[in-house]
Amino acid sequence: MAVSYQIDGLNNAVKALTGLPRKIRNKSLRKAFAKGATVCAKAVRRNTERDTGTAKKNVGTKTVVRGDQDPVAIIGHRNKLVIVNGKRKNPSRYSHLMEGGAKAHAIIPRRGKSLKFGVGRGNNAKSVFARRVSHPGAPPQRVIRQSFVESKGPAVATIVTSLRDSIPGDVR
């Protein structure tokens, strides 16, 4: 599930760079949008609930400018495997479930006749078998969406300031 937003109000700042050579223009846009994306990524980290901290630590940004197209900043969870308490976790695999939630559904075995669960800890751990388990679902947390809305103003201000600083004096 991809969540995409478009920021309005940057057209004048981007148009100011049209007189520059494409390589310089794209470098300035990439740097400016990277700074703006960092503002949004910090907001995502700030708003993410801390379970083990894996989802919070794995928020990253990527900025792409191709040719004469508009710049794109990608903000989300990086595809990075982390081992927490002996378990392998990769927040990019479940971040769409955090953002959009999950419906209640049945879990059935893909192979075999039953599912096996470990219940309890330590010496009290027991194996439980079931043919079908009902998942209650999970409400959406909308962390990325809320963070973008709250950091939109500061991100735009950062982008505009960075673009202003990158434009040579004789072009301004």
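The rules behind the values
- Residues numbered from 1 in each chain as written.
- Predicted model: local features only at pLDDT ≥ 70, side-chain atom pairs only at ≥ 80, totals over all residues.
- Heavy atoms only, no water.
- Helix = DSSP H or I, 4+ residues; strand = E, 2+ residues; numbered from the N terminus.
- Buried < 20%, exposed > 50% of the residue type's maximum accessible area, 1.4 Å probe, protein only.
- Core = buried A, V, L, I, M, F, W, Y, C linked by side-chain atoms within 4.5 Å.
- Contact = heavy atoms within 4.5 Å.

**Examining the side chain of serine 162**
Next up, step 1: Here serine 162 lies in helix α5 (residues 143–166).
Next up, step 2: A relative accessible area of 9% places serine 162 in the buried class.

**So, the nonpolar core**
Next up, step 1: Within the largest apolar cluster, 14 residues are counted, with the highest numbers of intra-cluster contacts made by Leu10, Leu17, Leu29, Phe33, Ile159, Val160 and Leu163.
Next up, step 2: Counting residues per element, the ones that place at least two in this core are α1 (11–15), α2 (22–47) and α5.
Next up, step 3: If you tally residues by element for this core, the top one is α5, at four residues.
Next up, step 4: Apart from residues lying up to four places away in sequence, leucine 17 is in contact with Arg25, Ser28, Leu29, Leu163 and Ile167.

**Notes on the environment of valine 72**
Next up, step 1: Within the element layout of this structure, valine 72 appears in strand β2 (residues 72–77).
Next up, step 2: Valine 72 gets classed as partly exposed once you look at its relative accessible area, which sits at 42%.
Next up, step 3: For the pair valine 72 and histidine 105, spaced 33 residues apart in the sequence, the C-alpha separation amounts to 36 Å.
Next up, step 4: If we ignore the near neighbours within four places in the chain, the residues touching valine 72 are Lys62, Thr63 and Val64.

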